[in-house]
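Each chain, letter by letter, is given below.
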Protein chains: 2
Amino acid sequence: MPRTIASEEDLIRTYLAPLARAHAGASDLADDCAIFTPAPGTELIVTTDAVAAGVHFFPDDAPEDIAWKALAVNVSDLAAKAAVPRVYQMALSFPDAPTHEFMQRFTSGLAEAQSAFAIVLSGGDTDRRPGPMTITITAIGEIPTGLHLTRDRARPGDAIFVTGILGDAACGLKLRREDADVRDWRLSASERSGLVARYLRPEPRLAAAGILRQHATAAMDLSDGLAKDIGRLAAAARAGAVVDAARIPLSPAVARLAASHPDVMDLALSGGDDYELLFTAPTIAETAIAEAASSIGLKVTRIGTMSDQRGLRLSTPDGERPMQPKGWDHF
Amino acid sequence: MPRTIASEEDLIRTYLAPLARAHAGASDLADDCAIFTPAPGTELIVTTDAVAAGVHFFPDDAPEDIAWKALAVNVSDLAAKAAVPRVYQMALSFPDAPTHEFMQRFTSGLAEAQSAFAIVLSGGDTDRRPGPMTITITAIGEIPTGLHLTRDRARPGDAIFVTGILGDAACGLKLRREDADVRDWRLSASERSGLVARYLRPEPRLAAAGILRQHATAAMDLSDGLAKDIGRLAAAARAGAVVDAARIPLSPAVARLAASHPDVMDLALSGGDDYELLFTAPTIAETAIAEAASSIGLKVTRIGTMSDQRGLRLSTPDGERPMQPKGWDHF
């Protein structure tokens, strides 16, 4: 019989308090509140995202991966603001007391993510209640006062960029779900596991902060699919966008698949979970952005141009066509 | 047929964005992140509490009351730090799309609570998922730098105080649940509704901030019952406490009940949901505290004394007996 955790005190003291040790204001989680002192001359960026078993992750995902993703999706929002992560609050709810093994693995995944993103647990809440296991995180980051980026200041003519590559995570999700249509995908074992890993372990693009602060007119992270998210960015700017299909950055595996499976290209355009950054900048900055990205080893690709004509268009070898702002709806 | 809300956008734009209008950094909730600028010379106090239908509130409670309580239990933690509430993040999850009527009433309760506590919505997350409706709030308040109160600095000999009156909320919960043993309580209709209201609508004691900053050695809010919470305060201070049963502040209705029903006195000692403040201060400050409390119309009662002998004791007309640190366990 796997041993389950006997009490809230045990859960907090044994598993959660070690994650908060590096933040003195967390008082080892022995207090209801955390104290947090912002650095002088900074503003705070605050973001909240919840993930639930069966909705945002699979109940049988590795506990390390569940933890990583819960924190990464929040830190990705901070990355889109070019913010420096500082602390996070975490509310955990379990339908049944978790096992010691689950909590060991879950907190080891959190510790790994904390270290990768330079953020630390400051406090939270734990509860037992019916329904799926849920992790609700509020992450706090800092930016120099006055330097905050929004998603509504893209201008017609601005170049549109994305970090990393798109579509891997959406393909990874289909593989993870073992959808019927993946049977003829003919991927190697390492391609499969690579795509699934991109779904399970998104990498917030914190490294882009310098580029965003220096050049970006607007930025957001890609969580609900390029088409839907670029639609939001364009709508916020009261503008439109033209995306060049041939420039969408794809991994070799997805590019090969997309050539024979048109629905895979749709995944790259509309599938969610990329957690790459989407940003705009004046076209004049394109070379400087490319050089800065190259110098830090971050892939950044120009995929299109903002337009003063409202709506989204996709430019393909067969001509331009409307791009539907479809994607993941949370509700 | 009651009309349900069609989309996340509708929920956010129609019901939640108006709650965030007073905070410019919330960008009308059109962004994944909020921007928050702490006042110069302040530190932040951050707290997270989740409430769920069937666990922390009744699914058929008035939506206005559910909203009030969800925010109040968080603000009560800020009050225990003598902090000034500023903004909160709210993650909402619903098993089914709520009706327009529910959201109208829920957000009107939140608006009322925001106004009472001088706090404003800055951002959050909404999701549909199985399980009970859940409201997870992270509230942020400010204190002057260096003035933060903790729960671990009570000293032997310090006087122990509570604000308000205890036990009403626990009696209100029993009435709300229609427990069998309340049938012989013989309360008037207005006593009943008064006790239930104290359970449904806790009042965070923000008014105590001045007294706490000037005099308190330690403070916390009473959410899980006096006995359990005073046990935590004493344990954090590596000390003990003697509580004088006769001094526990009771409402007339509960005092009358307690005289004939010993279990009602237990409710005042161990029932939760009071959301009053528990604090300690040097005995020499007792008069000054009484005067300050009286001048702002806040009831503050000395209920006991910290002791260098570990453990909790209850002093009664029949002598001293150990006080069990029992109360609500979340897990």
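Residues numbered from 1 in each chain as written. Chains lettered and ligands numbered in written order. Predicted model: local features only at pLDDT ≥ 70, side-chain atom pairs only at ≥ 80, totals over all residues.

1. Observations regarding the overall build of chain A
The secondary structure content of chain A amounts to 10 helices and 12 strands. Taking all 331 residues of chain A together, the buried fraction comes to 54%. A fraction of 86% describes how many contacts in chain A between residues 6 or more apart in sequence connect residues 24 or more apart. (Helix = DSSP H or I, 4+ residues; strand = E, 2+ residues; numbered from the N terminus. Buried ≥ 20, exposed ≤ 12 C-beta atoms within 10 Å, placed from the backbone. Contact = placed C-beta atoms within 7 Å.)

2. Structural notes on the relation of the copies chain B and chain A
Rotating chain B by 180° about the axis while translating it 0.0 Å along that axis superimposes it on chain A, leaving an RMSD of 0.0 Å. On this basis, the relationship between the two copies can be described by a two-fold rotation axis. Ranked by how close their C-alpha atoms come to the rotation axis, the residues of chain B are headed by B:Gly131, at 1.8 Å. The share of interface residues of chain B whose copies in chain A are also at the interface is 100%, consistent with both copies meeting through the same surface. (Least-squares fit on C-alpha atoms with pLDDT ≥ 70 in both.)

3. Description of the interface of chain B and chain A
Contact with chain B, which involves 51 residues of that partner, is made by 51 residues of chain A. Of all elements in the fold, only α1 (8–20), β1 (33–36), β2 (42–52), α2 (63–80), β3 (84–94), β4 (120–128) and β5 (134–144) of chain B reach the threshold of two or more residues within the side of chain B that touches chain A. Sort the elements by how many residues they give to the side of chain B that touches chain A and β2(B) lands first, with nine residues. Across the side of chain B that touches chain A, the residue classes tally to 21 nonpolar, 17 polar and 13 charged. Alignment of strand β2 (residues 42–52) of chain A against β1(B), held across four bridges, turns out to be antiparallel. Within the sheet, the bridge partner assigned to A:Leu44 lies in β1(B) and is B:Phe36. (Nonpolar A, V, L, I, M, F, W, Y, C, P; charged D, E, K, R; others polar. Pairing = 2+ DSSP bridges.)

4. A short note on the sheet that holds β1(B)
The strands making up a sheet associate through hydrogen bonds between their backbones, and the pairing can be parallel or antiparallel. Spatially, the five strands line up as an open sheet ordered β4(A)-β3(A)-β5(A)-β2(A)-β1(B), and their pairing is mixed. Only two strands of the sheet have a single partner each, and these edge strands are β4 (120–128) of chain A together with β1 of chain B. Each adjacent strand pair in this sheet contributes to an overall mean axis angle of 15°, direction not counted. Summarising the sheet, strand β3 (residues 84–94) of chain A and β4(A) pair through eight bridges and their orientation is parallel. Bridge pairing in β4(A) places A:Met90 opposite A:Gly124. Relative to β2(A), helix α2 (residues 63–79) of chain A is tilted by about 145°, and along the sheet it contacts β2, β3 and β5 (134–144) of chain A together with β1 of chain B. (Axes fitted to C-alpha atoms, helices over the stretch in contact; angles between N-to-C directions.)

5. As for the domain arrangement of chain A
Residues and elements named next belong to chain A. Segmenting chain A into domains produces domain 1 (8–144) and domain 2 (159–322). Placing the centre of domain 1 and that of domain 2 at their C-alpha centroids yields a distance of 27 Å. Opposite the 14 residues of domain 1 that make contact, domain 2 presents 17 residues. In terms of residue count, the dominant contributor to the side of domain 1 that touches domain 2 is α2 (nine residues). Considered class by class, the residues forming the side of domain 1 that touches domain 2 number nine nonpolar, one polar and four charged. (Domains from an automatic or database assignment.)

6. Let's talk about the pairing of β4(A)
Of all nine residues that make up β4(A), seven are buried, and the element is covered over most of its length. For the crossover from β3(A) across helix α3 (residues 100–117) of chain A to β4(A), the handedness is right-handed. (Right-handed = clockwise from strand over helix to strand, strands pointing away.)

7. Observations concerning the nonpolar core
Core analysis: the largest hydrophobic core is formed by 218 residues, its most contacted members being A:Leu71, A:Ala219, A:Ala268, B:Leu71, B:Ala219 and B:Ala268. The element that contributes the greatest number of residues to this core is α2(B), accounting for 11 residues. (Core = buried A, V, L, I, M, F, W, Y, C linked by C-beta atoms within 7 Å.)

8. Remarks on the pairing of strand β11 (residues 311–316) of chain B
All names here are of chain B. Pairing of strand β8 (residues 240–244) with β11, which is carried by five bridges, proceeds in the parallel orientation. Looking at the pairing, Gly240 lines up with Gly311 of β11. In terms of strand pairing, β11 meets strand β12 (residues 319–322) through four bridges, oriented antiparallel. By the bridge assignment for β12, Leu314 is matched with Arg321. Between the antiparallel neighbours β11 and β12 lie two residues.

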